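# Notes for the structure review
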Amino acid sequence: MTQLEEAVARYHRILESDTVRTSDWVAELRDQMAARHLVVAGRPISPVLRPHFLSRRQYINVVKSAESLHTAIDRLRLLVIQDPQLMARMEMLPAEKMLAAVDPGYASPAISALLETHVNNGTLQVTGGQADLPHGVVYGEILSDLFFDLAPVKELRKRFKLEKTGAVKPLLAALLRAWKEFGGKTAPRIGILEFKQPFQTIDTQEHLLLAEVFRRAGYEVEVISPDQIEYRGGVLRANGVGIDVVYRGVTAHEFMLRFDLTHPLVRAYREGKVCVVNSFRTEMTRKRALFALLSDETVTASFPIAERKAIEEAIPWTRMVAHAKTRRAGQEIDLPEFIFRHRDGLVLRPNDSDGELPTFDGATMTDAAWDRACRQAQRQSYVVQERITPHPVSFPVDLYGDVVYRDLNVEVSPQAFLGKVQGCVARISAAQSTYSTLTGYAPAFILESR
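In this report, we go over the structure that sits alongside the text. (Residues numbered from 1 in each chain as written. Predicted model: local features only at pLDDT ≥ 70, side-chain atom pairs only at ≥ 80, totals over all residues. Heavy atoms only, no water.)

This part takes up the packing of helix 3 (residues 25-35) against helix 7 (residues 137-148). The geometry of a pair of packed helices is captured by two quantities: the angle between their axes and the separation between those axes. One way to put it is that helix 3 packs onto helix 7 with a least axis distance of 11 Å and a crossing angle of 150°. Taken as axis vectors, helix 3 and helix 7 run roughly antiparallel relative to one another. Like other packed secondary-structure pairs, helix 3 and helix 7 cross with a definite hand, here right-handed. Each of Leu29, Gln32 and Met33 in helix 3 lies in contact with helix 7, whose residues at this interface are Leu143, Leu146 and Phe147. Considered class by class, the residues forming the contact of helix 3 with helix 7 number 5 nonpolar, 1 polar and no charged. (Axes fitted to C-alpha atoms, helices over the stretch in contact; angles between N-to-C directions. Helix = DSSP H or I, 4+ residues; strand = E, 2+ residues; numbered from the N terminus. Parallel < 35°, antiparallel > 145°, perpendicular 65-115°, else oblique. Left-handed = near helix turned anticlockwise from the far one by under 90°. Contact = heavy atoms within 4.5 Å. Nonpolar A, V, L, I, M, F, W, Y, C, P; charged D, E, K, R; others polar.)

Structural data, given as structure tokens:
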């Protein structure tokens, strides 16, 4: 039994002990979540009753791999901006390409970013990424504080040393560094940009919590919507208040589907009158075509060895779906034929990770259904990707007042600021692809023996 397995088994035994089982610790946790605004639409943002544990070795490997990958992604972004042929392979909207070409006024494309990864034993495999307003940063830190002092966790801490992995302070420090490099001389007035929703969502709630974090640090902050913005006399305003830094919680794809290049934010951004964090260049991170370029050795051949090694180990083989020939494992293949014949080992995903198009997991489909999926992928913007085998983990959950166990998928999301990983959060989802309320976040703790 590994140290992690021993810790999980011990935690579950603690939950079954008379002292913990007869206490009100679950009700206490739910009350604290409600008090900290971690209940959205009647559901707590964490569906589980146990933190997710990483060994020190796992965390070190995650940090090392993620930082190498972020550096490689930044390098690739610059290549794409400079090379029209590579840009064409991203299959971005014309307006997205234009915005990506604008110099944001600071050097690092991604001030804050995260990767969505599966961590199994000592290996890390990346499934996606975010580099506009990465979600879970605030949630992860608050959940870490709440869980750390729970009765079962305090009991576990008698045997194991646990380290939190919160990252709110590094986020603010990275934002302020971007503002200073942009030319800011005074404390910035910050606008957190989001679309107004007719109902509360898990994302909009985190924007409000982030605003409170910035206010407590002494900064003027407003959560703003694109339709509240105006630009006159070289000053961007929202509701009449000047905005120096826009912290972007809206993707360029979503933005350009609703507005055009004459929008006040776009004009101010192009004229260098507002600091946008993250810049619109990071929109490329949401395009799965980026993985197709990263996993194409002809594109990354000149990258440093450490970056190429991280790509080879963590990025699944990916190609844009097209009537074309390509290479896999050193062999030339006819891509459509290969996709059709290797259903069990492949997944079809929409290029834009924010779109409403479905994902098709070949291992769960019939040949006829896979054939239909292949035809749809050829008509629309899709990638084909090597399938990552899920490894569900048993978690205790609160089911109408009873503690029961469910197998759930876990994605560990290392959070990077200016390319340096400082903390992570665990994303929880149902082991099956069907709808489930068992989705949300769990705090990630680094675990060591005392």
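Having seen the model, we can carry on.
Here we take up the packing of aromatic side chains. For the coordinates displayed, the defined rule picks out 11 aromatic pairs. Here the aromatic rings of Tyr269 and Phe280 are separated by 5.1 Å at their centres, their planes lie at 75°, and the arrangement is edge-to-face. Of this pair, Tyr269 sits in helix 12 (residues 264-270) while Phe280 sits in the loop between strand 13 (275-277) and helix 13 (289-294), placing them 11 residues apart in sequence. An identical accessibility class is assigned to Tyr269 and Phe280; each is buried. Three or more aromatic residues joined by ring pairs form one cluster here, namely Phe195, Phe255, Phe259, Tyr269 and Phe280. Here the basic side chain of Arg50 rests over the ring of Phe395, its NZ or CZ set 4.1 Å away from the ring centre. Stacked on the ring of Trp317, the Lys or Arg Arg328 has its end atom at 4.8 Å from the ring centre. (Phe/Tyr/Trp six-rings, centres within 6.5 Å; stacked < 30°, edge-to-face > 60°. Buried < 20%, exposed > 50% of the residue type's maximum accessible area, 1.4 Å probe, protein only. Lys NZ or Arg CZ within 6 Å of the ring centre and 35° of its normal.)

What links the strands of a sheet is backbone hydrogen bonding, and the strands pair in either a parallel or an antiparallel sense. Ordered in space as 8-7-12-13, the 4 strands form an open sheet in which the pairing is parallel. Strands at the two margins of the open sheet, each flanked by one partner only, are strand 8 (221-224) and strand 13. Looking at each pair of strands side by side, their axes are set apart by 25° on average, direction ignored. Two elements, strand 7 (residues 190-193) and strand 12 (residues 245-248), share 4 bridges in a ladder whose sense is parallel. Residue pairing across strands places Leu193 opposite Arg248, the latter belonging to strand 12. (Pairing = 2+ DSSP bridges.)

The next thing to look at is the side chain of Arg427. The topology assignment puts Arg427 in strand 22 (residues 420-430). Put simply, Arg427 is tucked away with no salt bridge, and the nearest opposite charge, on Glu116, sits 4.5 Å away. Among the polar contacts made by the side chain of Arg427, one reaches the side chain of Ser413 at a distance of 3.1 Å. Here Arg427 is in contact with Leu114, Glu116, Gln130, His135, Asn409, Val410, Glu411, Ser413, Gly440 and Tyr441, once residues within four sequence places are set aside. (Lys, Arg positive; Asp, Glu negative; His and termini not counted. Salt bridge = Lys/Arg side-chain N within 4 Å of Asp/Glu carboxyl O. Polar contact = N/O pair within 3.5 Å; in protein donor to acceptor, adjacent residues only side chain to side chain.)

Below, the discussion takes up the environment of Glu230. Along the chain, Glu230 turns up in strand 9 (residues 229-232). Sequence-distant contacts of Glu230, defined by excluding residues within four places in its chain, comprise Val235, Leu236, Arg237 and Pro264. A distance of 2.9 Å separates polar atoms of two side chains, one belonging to Glu230 and the other to Arg232.

Time to look at helix 3. Taken as a whole, helix 3 has its buried residues at Trp25, Val26, Leu29, Arg30 and Met33. Down the axis, helix 3 shows its buried residues gathered within 140° of arc, on one side only. Exposed positions of helix 3 whose direction lies more than 90 degrees from the buried face are Asp31 and Ala35. Where helix 3 ends, the next residue or the one after it, His37, has phi of about 65°, a positive value. (Arc of directions from axis to C-beta.)

Moving on, we come to the sheet that holds strand 18 (residues 360-361). Pairing is antiparallel across the open sheet formed by 4 strands, whose spatial order is 14-19-17-18. Unpaired on one side and paired on the other, strand 14 (318-320) and strand 18 mark the two borders of the sheet. Note: strand 17 (residues 346-350) against strand 18, 2 bridges, orientation antiparallel. The residue bridging Leu348 from the neighbouring strand is Phe360, located in strand 18. Lying on the sheet, helix 17 (residues 367-379) is in contact with strand 17, strand 18 and strand 19 (382-386); it crosses strand 17 at an angle near 40°.

Across 4 bridges, strand 7 lies against strand 8 in parallel orientation. Looking across to strand 8, one finds that Ile190 is bridged to Val221. As a crossover connection, the stretch from strand 7 through helix 10 (residues 202-216) into strand 8 is right-handed. (Right-handed = clockwise from strand over helix to strand, strands pointing away.)

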